[in-house]
Amino acid sequence: MQLPNLEELLHQRTIFIMGAGSTADYGFPQWKNLRRIYLDLLHDETTIYSQHDGAEYWLDALTSGTDATVDALASDAPNEGVQLFQMMTFDKFLEFEHKDLNSGKTGWIEEFARKLAELIDDYKSHGRRGNITKFTNNLSFCSFNYERCFPYRFSKVLSGELKRRYPNDIWRKPILAAIKDRGRVYWQPHGTLGTEGVHH
């Protein structure tokens with residue numbers, strides 16, 4: 001993935017919108033793969049999913065030949081179908097997250113965090129702290145994924161980079177907090193992975 005020129009982008013309001021493809025290189029499935037994953041769970045009679053009241057809806061929906069994404073199918077599901085969707089998604093994506101955290105892989109997220117740390121370093125070394133506050137306010141991320149790959153990796157690398165560059169500088173803490181709290185927006189649809197389907 002080719003990363004943009006951050007300094008040019010952050011002179012104005014910039015929102016990075018991420019879908020399933022943004023974390024595919026880290027081993028997370030895209031929506032076509034999710035259909036197969038959910039069907040495998042529903043066909044396995046040893047699991048709680050196949051016995052759930054929402055199983056019939058999902059078996060019909062996933063085998064109907066529609067090209068609709070699982071998001072769209074979940075939006076049309078009855079209450080028991082939404083509940084089952086949340087259960088399957090939560091359980092499977094926790095597995096994917098666990099594998100990811102132990103994979104040792106690095107990619108565009110780590111590169112992005114390091115470039116952002118370099119930009120902060122450049123601004124600080126030239127006495128332009130005001131620029132940092134400005135681009136912090138201009139920067140937002142919106143993830144439509146079910147997993148938390150981006151926030152986990154981005155926060156860890158950015159925090160590590162700033163700590164390495166300024167180990168005893170309390171200045172880095174409010175900057176990091178600003179990027180975490182004001183500069184990022186996440187959306188987890190349908191209340192999966194412990195959220196309630198709202199911005200947070």
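Residues numbered from 1 in each chain as written. Predicted model: local features only at pLDDT ≥ 70, side-chain atom pairs only at ≥ 80, totals over all residues. Heavy atoms only, no water.

Let's talk about the overall build of the protein
Argument step 1. Counting its secondary structure elements, the protein contains 9 helices and 2 strands.
Argument step 2. Ordered by position from the N terminus, the helices and strands of the protein form the series α-β-α-α-α-α-α-α-β-α-α.
Argument step 3. Taken over 200 residues, the protein has a buried fraction of 45%.
Argument step 4. Of the roughly 10,700 Å² of accessible surface on the protein, a fraction of 49% belongs to carbon and sulfur atoms. (Helix = DSSP H or I, 4+ residues; strand = E, 2+ residues; numbered from the N terminus. Buried < 20%, exposed > 50% of the residue type's maximum accessible area, 1.4 Å probe, protein only. Areas by Shrake-Rupley, 256 points an atom, 1.4 Å probe, with all protein chains shown as cover.)

Topic: the pattern of salt bridges
Argument step 1. Evaluated as defined, the whole model comprises 10 salt bridges.
Argument step 2. For Arg-36, the salt bridge identified is with Asp-40, shortest N-O distance 3.2 Å. Linking Arg-36 with Asp-40, this pair stays in helix H2 (residues 31-43), spanning 4 residues, or about one helical turn.
Argument step 3. Exposure remark for Arg-36: the relative accessible area of 45% places this residue in the partly exposed category.
Argument step 4. Each member of the salt-bridge network shares a partner with another, and the members are Arg-114, Asp-121, Glu-161, Arg-164 and Arg-165. (Salt bridge = Lys/Arg side-chain N within 4 Å of Asp/Glu carboxyl O.)

Some thoughts on the pairing of strand S1 (residues 14-18)
Argument step 1. On S1, burial follows the alternation: Thr-14, Phe-16 and Met-18 on one face are buried, whereas Ile-15 and Ile-17 on the facing-out side are not.
Argument step 2. As paired elements, S1 and strand S2 (residues 139-143) share 5 bridges and run parallel to each other. The partner of Thr-14 across the bridge, within S2, is Leu-139. (Pairing = 2+ DSSP bridges.)

Examining the nonpolar core
Argument step 1. Membership of the largest hydrophobic core comes to 47 residues, with the highest contact counts inside it found for Tyr-38, Trp-58 and Phe-154.
Argument step 2. Here this core takes 9 residues from helix H6 (residues 108-125), the largest share from any one element.
Argument step 3. Apart from residues no more than four positions distant in its own chain, Trp-58 is found in contact with Leu-42, Val-70, Leu-73, Ala-74, Gly-81, Leu-84, Phe-85 and Met-88. (Core = buried A, V, L, I, M, F, W, Y, C linked by side-chain atoms within 4.5 Å. Contact = heavy atoms within 4.5 Å.)

Considerations on the environment of Asp-67
Argument step 1. Note that Asp-67 resides in the loop between helix H3 (55-62) and helix H4 (70-75).
Argument step 2. The class for Asp-67 is exposed, based on a relative accessible area of 66%.
Argument step 3. Between the C-alpha atoms of Asp-67 and Lys-32, which are 35 residues apart in sequence, the distance is 9.0 Å.

Some details on helix H8 (residues 149-165)
Argument step 1. Relative to the 24 Å expected for 17 residues at 1.5 Å per residue, H8 spans 24 Å between its end C-alpha atoms, a close match to the ideal helical length.
Argument step 2. Regarding H8, the residues found buried are Cys-149, Phe-150, Pro-151, Arg-153, Phe-154, Ser-155, Val-157, Leu-158, Glu-161 and Leu-162. (Expected span 1.5 Å × (residues − 1).)

Quick word on the confidence of the model for the protein
Should the pLDDT be low somewhere, the predicted coordinates at that spot are not to be read in detail.
Argument step 1. Per-residue confidence for the protein averages 80 on the pLDDT scale, and 82% of its residues sit at or above 70.
Argument step 2. Mean pLDDT in the protein bottoms out at helix H9 (residues 172-181), which sits at 68, and peaks at H3, which reaches 95.
Argument step 3. Every residue in residues 194-200 is under pLDDT 50, and counting partners more than four places away or in other chains gives 17 contacts. (pLDDT = per-residue confidence, 0-100.)

What about the packing of aromatic side chains?
Aromatic rings considered in pairs are described by the distance between their centres and by the relative angle of their planes.
Argument step 1. The tally for this structure, following the rule as stated, stands at 13 aromatic pairs.
Argument step 2. Both rings, one in Phe-112 and one in Phe-154, keep their centres 5.7 Å apart while their planes meet at 45 degrees; by these two values the pair is tilted. Here Phe-112, found in helix H6, pairs with Phe-154, found in helix H8; they are 42 residues apart in sequence, far enough to count as distant. Grouping residues by exposure puts Phe-112 and Phe-154 together as buried.
Argument step 3. Through pairs of rings, three or more aromatic residues link up here, namely Phe-28, Tyr-38, Tyr-57, Trp-58, Phe-85, Phe-93, Phe-96 and Tyr-146. (Phe/Tyr/Trp six-rings, centres within 6.5 Å; stacked < 30°, edge-to-face > 60°.)

Focus on the side chain of Ser-155
Argument step 1. Along the chain, Ser-155 turns up in helix H8.
Argument step 2. Engagement of the side chain of Ser-155 in a polar contact is seen with the backbone oxygen of Pro-151, the distance being 2.9 Å. (Polar contact = N/O pair within 3.5 Å; in protein donor to acceptor, adjacent residues only side chain to side chain.)

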